[in-house]
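Coordinate analysis (summary)
Listed below, chain by chain, are the residues.
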Amino acid sequence: MNTKIYKRVLLLTDSLLTAAQQKNQKIFDGFYAELKQLCEEYEKSDKDHPVQWETLADFTDDIALAITIYQQALVKAEAINSKDFRSSIGFSIAALKVELGDKTGAIEYLEKAKISCNKIVDKELKAEIHDLLEELKHS
């Protein structure tokens, strides 16, 4: 990923978190629009990366829209064969599908995330994927 864009995404993430903590919707919306613009500007270019889209989805309040954005991020993660991003994005989609009551959809994404997370370092994410998958399968 382009270092300049990555640093911009990190800065916007910090700004979005600060605005959310301060409950300042106007400032939050401005930084969100800036992040969305960054994603759209680099979409389908060599500077496009799943981290941009995953971050945008992370800060999207509309669950259905967030799932759509995560799905875009997942396609980009698959294109660069990033097991880390495939795992985290798959888990995020599954968690939102649980909120929507779509147990079958959640299990589908978790099963794919479990395969992807086989060779990642993040043990906490692996455990979260495993635990949620087991919980859904046995409920």
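Scroll up for the structure.
Everything numeric here is computed off the predicted structure, so don't read it as measured data.

Rules and cut-offs
Residues numbered from 1 in each chain as written. Predicted model: local features only at pLDDT ≥ 70, side-chain atom pairs only at ≥ 80, totals over all residues. Heavy atoms only, no water. Buried < 20%, exposed > 50% of the residue type's maximum accessible area, 1.4 Å probe, protein only. Helix = DSSP H or I, 4+ residues; strand = E, 2+ residues; numbered from the N terminus. Contact = heavy atoms within 4.5 Å. 1 Å grid on protein atoms, 1.4 Å probe; cavity = no way out; pocket = protein on both sides within 12 Å on 5 of 7 lines; lining within 4 Å. Points joined across faces, edges and corners; volume = space filled by probe spheres on them. Nonpolar A, V, L, I, M, F, W, Y, C, P; charged D, E, K, R; others polar. Axes fitted to C-alpha atoms, helices over the stretch in contact; angles between N-to-C directions. Parallel < 35°, antiparallel > 145°, perpendicular 65-115°, else oblique. Left-handed = near helix turned anticlockwise from the far one by under 90°. Patch = residues over 30% accessible without salt bridge, like charges linked within 9 Å, V, L, I, M, F, W, Y side chains within 5 Å. Areas by Shrake-Rupley, 256 points an atom, 1.4 Å probe, with all protein chains shown as cover. Salt bridge = Lys/Arg side-chain N within 4 Å of Asp/Glu carboxyl O. Lys, Arg positive; Asp, Glu negative; His and termini not counted. Charge placed at Lys NZ, Arg CZ, Asp CG, Glu CD.

Regarding helix H3 (residues 50-58)
Where burial is concerned, most of H3 is hidden: eight out of the nine residues are buried. For H3, the set of buried residues is Pro50, Val51, Gln52, Trp53, Glu54, Thr55, Leu56 and Ala57. Against the buried residues of H3 lie helix H1 (3-21), helix H2 (25-42), helix H4 (63-79) and helix H5 (83-99).

What to know about the layout of surface pockets
One number sums up the size of the largest pocket: a volume of about 160 Å³. Lining the largest pocket, in full, are Asn2, Lys4, Ile5, Arg8, Glu34, Gln37, Leu38, Glu41, Tyr42 and Lys47. The residue makeup of the lining of the largest pocket, split by class, is three nonpolar, two polar and five charged.

Focus on the packing of H1 against H2
Following both chains from N to C, one finds H1 and H2 inclined at 155°, their axes separated by 8 Å at the closest point. Of the possible angle classes, the one that applies to H1 and H2 is roughly antiparallel. Our pair here, H1 against H2, has a crossing hand that is left-handed. For the pair H1 and H2, contact is made by Ile5, Arg8, Val9, Leu12, Ser15, Leu16, Ala19 and Ala20 and by Ile27, Phe28, Phe31, Tyr32, Glu34, Leu35, Leu38 and Tyr42, respectively. Classifying every residue of the contact of H1 with H2 by side-chain character gives 13 nonpolar, one polar and two charged.

A closer look at a negative patch on the surface
Taken together, the side chains of Asp84, Asp122, Glu124, Glu128, Asp131 and Glu135 define an acidic patch exposed on the protein surface. At four residues, helix H7 (residues 123-137) tops the list of elements feeding residues into the negative patch. Structurally, the position occupied by Glu128 is in helix H7.

Some details on the packing of helix H6 (residues 103-116) against H7
It is the contact of H6 with H7, at a shortest axis distance of 10 Å, that shows an interaxial angle of 145°. Seen from above, H6 lies across H7 with left-handed handedness. Contacts between H6 and H7 involve Lys103, Ala106, Ile107, Leu110, Glu111, Ala113 and Lys114 on the former and, on the latter, Ile129, His130, Leu132, Leu133, Leu136 and Lys137. Across the contact of H6 with H7, the residue classes break down as eight nonpolar, one polar and four charged.

Side note on unusual backbone geometry
One non-glycine residue with positive phi stands out, namely Lys23, at about 55°. Tracing the sequence through the fold places Lys23 in the loop between H1 and H2. You can call Lys23 exposed: its relative accessible area is 75%. The phi dihedral of Asn81 is positive, around 55°, even though this residue is not glycine. Tracing the chain through its elements places Asn81 in the loop between H4 and H5. Residue Asn81 is classed as partly exposed on the basis of its relative accessible area of 49%.

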